[in-house]
Amino acid sequence: MASVSAWRLPQSRSDTPPHMTKTQISTTFEQVAILLELDGANRFRVIAYQNASRALATLEEDLLTVVQENRITEIKGIGKGIGGLISEAVLHGSWGNLDELYAKIPPGLIQMTGIPSLGPKRVRLLYEELKIDSLEKLKYACENNQIASLQGFGPKSQEKYLEGIDLLNRYQGRNRLDIGLAYGRVLEEKISKIPNVVKAQLAGSARRMRETIGDLDIVLGAKPEYQDGIIREIMDFPGIAEVKGQGTSKISLILEAEMLAEPIGSSEMDIALSESLSERSSNATIDAQIRIVNPETFPFTLAYFTGSKEHNIRMRQLAIDKGLRLNEFGLFSESEAGDKTGMEAAKNTLICSDESEIYKNLGMPWIPPELREDMGEIEAASEGNLPKLIEVGDLKGAFHNHTTSSDGAATLEEMANQAINLGWEYLGIADHSESLNIGGRQIGIPSNEMINQSIEIKKLNKYYQNENINFKLFHGSECDILSDGKLDYSLEIRNSLSHVIGSVHALGSWKNRDESTNTEFLIKAIEDPTFTILGHPTGRILQGREGFP
DNA sequence: GCCGTTTTCGGCCCGACTGTTTTCAGTCG
Ligand SMILES: Nc1nc2c(ncn2[C@H]2C[C@H](O)[C@@H](COP(=O)(O)OP(=O)(O)OP(=O)(O)O)O2)c(=O)[nH]1
Ligand SMILES: [Mg+2]
Ligand SMILES: [Zn+2]
């Protein structure tokens, strides 16, 4: 759920246009969509703001230029109304009537929609009828039996909200990809092992390899006669914190993360990953959706459950344009299906034995899950212009690696050996530089110790050469970009290195400057002749901290 | 609120599960 602390309209930080950035306007429209929903607005109007938010986020052109040249409504999904808002925000830094909407909806209502099965319609009712505008007030009302008697509510919903508030407090947010994947693979394997399961596969954002994973989505293929039994076996799993829903083809669970914390098989787990897993509260939960279908429809359901939602919508629209219809059961003729829906409609589906045949029937090659975000991949695939993605096997080495000389977990030699084991041809060492300290504790390598690392690397390189090992270490540094855009270390040291990765670490002054000032300082660093690579350019730490403007 | 080459009105992806429900809205995926 979006953080409520930043729930306000952005203010201009500049005297001249552009007064707002693409990101600021995009984020605002996302919030407006949520507020409109709580305000009971037409749902397609809500979607219009979501679409506009996406359109801005994916716009490559300079927004001010587009506005000044009166081309804003040429962007698909942006018309007169929203286009007017964008122009006003960019040119004047103001937001039309949106401030009224923000004033009208208490932020507590947004938090309330975080409770499972409590959505905008009912939150609005609770607010209008009982003046409930916070989780605390909702809890009090539930405990005092004030909800059940309300028109549109009942004893079950009141009960659910109370449980939901507890679950919300335990909810630790989305999982970073590595953690989510580890959990997901354990669940996938547990389900695969149930007798008569033909196939179980992790789908959703985990299969698309997104940076963070909201929940675990699993497609399960099994013959109809076994499905009930399989569902019962899953419901008997230990560690189910809550059953959000259980039907004949879909179950929604909240799982104790502990249930999935066991590493898979005997393969040794990444040290950092196992640390991350144990760092998470033992109290943590993770949601799981399991979709159960007949083995023949597996490819369609896998494609559907892999998403993204936006990609699915485009795929379905594309099918309609071709006189077909697509759902999670098949791809079939619109006219033949008529009024039928769901599995009935898909009775005479085109036979597709895997995902690539679905895409083929829609005039495209198979699209890798990593690209399925409606970010241009449908157009690229239709025109035969899909990029060839870089695979793990394509990697020959990496330049940004730390060792125990700064804050790494492994020594230089351990790092090198592991790289050789991976079949890499080189490894660039780039430990933190001198000025990096955390609360006074020295992290980076002091200037006078850089020579030691240099000697050790030369020694190892000589050894690889003598032993005819096709591997080389490069001695670099992850050099701090200081607040004035200068690079850490003396010019002499930097000149002696094979590569200098410039990174901003002490965010302090960067946070309080605007985008263009920060960019100027970054450019200054980049223009230094010793500079090679810009490290983590946004300063963001996933689920840790925001980046700088 | 946006969109359109059968369009300026009437669609906008489509389905599972629940219980607020007795024929369907809300929520979620
Ligand atoms: N056609 C269609 N498919 C949807 C819709 N919502 C979700 N899906 C499909 C695509 C999603 O990737 C998949 C799983 O839903 P999730 O809500 O878990 O989304 P996803 O896993 O992509 O992201 P997450 O990290 O879990 O937030 O279900 C929808 O509104 N329409
Ligand atoms: Mg998901
Ligand atoms: Zn760094």
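Values in this document were obtained by computation on a predicted structure and should not be read as measured data.

The rules behind the values
Residues numbered from 1 in each chain as written. Chains lettered and ligands numbered in written order. Predicted model: local features only at pLDDT ≥ 70, side-chain atom pairs only at ≥ 80, totals over all residues. Heavy atoms only, no water. Salt bridge = Lys/Arg side-chain N within 4 Å of Asp/Glu carboxyl O. Helix = DSSP H or I, 4+ residues; strand = E, 2+ residues; numbered from the N terminus. Buried < 20%, exposed > 50% of the residue type's maximum accessible area, 1.4 Å probe, protein only. Donors = N, O, S within 2.8 Å, 3.2 Å for Na, K, Ca; no water. Expected span 1.5 Å × (residues − 1). Contact = heavy atoms within 4.5 Å. Near = heavy atom within 4 Å. Polar contact = N/O pair within 3.5 Å; in protein donor to acceptor, adjacent residues only side chain to side chain. Nonpolar A, V, L, I, M, F, W, Y, C, P; charged D, E, K, R; others polar.

K.L.:
Mind laying out the pattern of salt bridges, listing which residues take part and the relevant values?
P.N.:
Taken as a whole, this structure holds 22 salt bridges when the rule is applied. Note that Glu373 is salt-bridged to Arg210, the shortest N-O span being 3.2 Å. Of this pair, Glu373 sits in the loop between helix H18 (355-361) and helix H19 (377-382) while Arg210 is found in the loop between helix H11 (204-207) and strand S3 (212-213), placing the two residues 163 residues apart along the sequence. Look at Arg210 and you get partly exposed, because its relative accessible area is 35%. Across the pair Glu328 and Arg291 runs a salt bridge whose closest N-O atoms are separated by 2.9 Å. Pair noted here: Glu328 is in the loop between strand S8 (324-327) and strand S9 (330-333) and Arg291 is in strand S7 (residues 285-293), with a separation of 37 residues, a long-range link.

K.L.:
Could you give an account of the coordination of the zinc ion (ligand 3), naming the residues involved and the relevant values?
P.N.:
Distances from the zinc ion (ligand 3) to its protein donors, Glu478 (OE), His505 (NE2) and His536 (NE2), fall within 2.0 to 2.2 Å. Exposure remark for His505: the relative accessible area of 15% places this residue in the buried category.

K.L.:
Lay out helix H15 (residues 309-321) in plain terms, naming residues and giving numbers.
P.N.:
Between its first and last C-alpha, H15 extends 18 Å over 13 residues, near the 18 Å set by a 1.5 Å rise per residue. On its buried side, H15 packs onto helix H14 (298-306), S8, S9, H18 and H19. In the stretch just after H15, Gly323 is the one whose phi turns positive, near 75°.

K.L.:
Help me get a handle on the coordination of the magnesium ion (ligand 2), residues and values and all.
P.N.:
By definition of the ideal shapes, four donors in a tetrahedron about a metal sit 109.5 degrees apart, and six donors in an octahedron sit 90 or 180 degrees apart. Those protein atoms acting as donors to the magnesium ion (ligand 2) are Asp215 (OD) and Asp217 (OD), and they sit at 1.9 to 2.1 Å. Among the residues examined, Asp217 registers a relative accessible area of 10% and is labelled buried.

K.L.:
Can you tell me about the protein's contact with DNA strand B, naming the residues and giving the values?
P.N.:
For DNA strand B, the set of nearby residues contains 50 residues, the closest of which are Gly77, Arg122, Gly152, Phe153 and Gly342. Atoms of DNA strand B within 4 Å of the protein: sugar and phosphate make up 71%, bases the balance. One of the backbone nitrogen or oxygen atoms of Gly152 is found 2.3 Å away from a sugar or linking oxygen of DNA strand B. Phe153 is positioned with one of its backbone polar atoms (N or O) 3.4 Å from a sugar or linking oxygen of DNA strand B. For the surface near DNA strand B, the secondary-structure elements that each account for two or more residues are helix H2 (43-57), helix H4 (80-92), helix H7 (120-130), helix H9 (155-170), strand S5 (240-246), S7, H15 and S8. A per-element tally of the surface near DNA strand B places H15 first, with five residues. Class assignment for the residues of the surface near DNA strand B results in 16 nonpolar, 19 polar and 15 charged.

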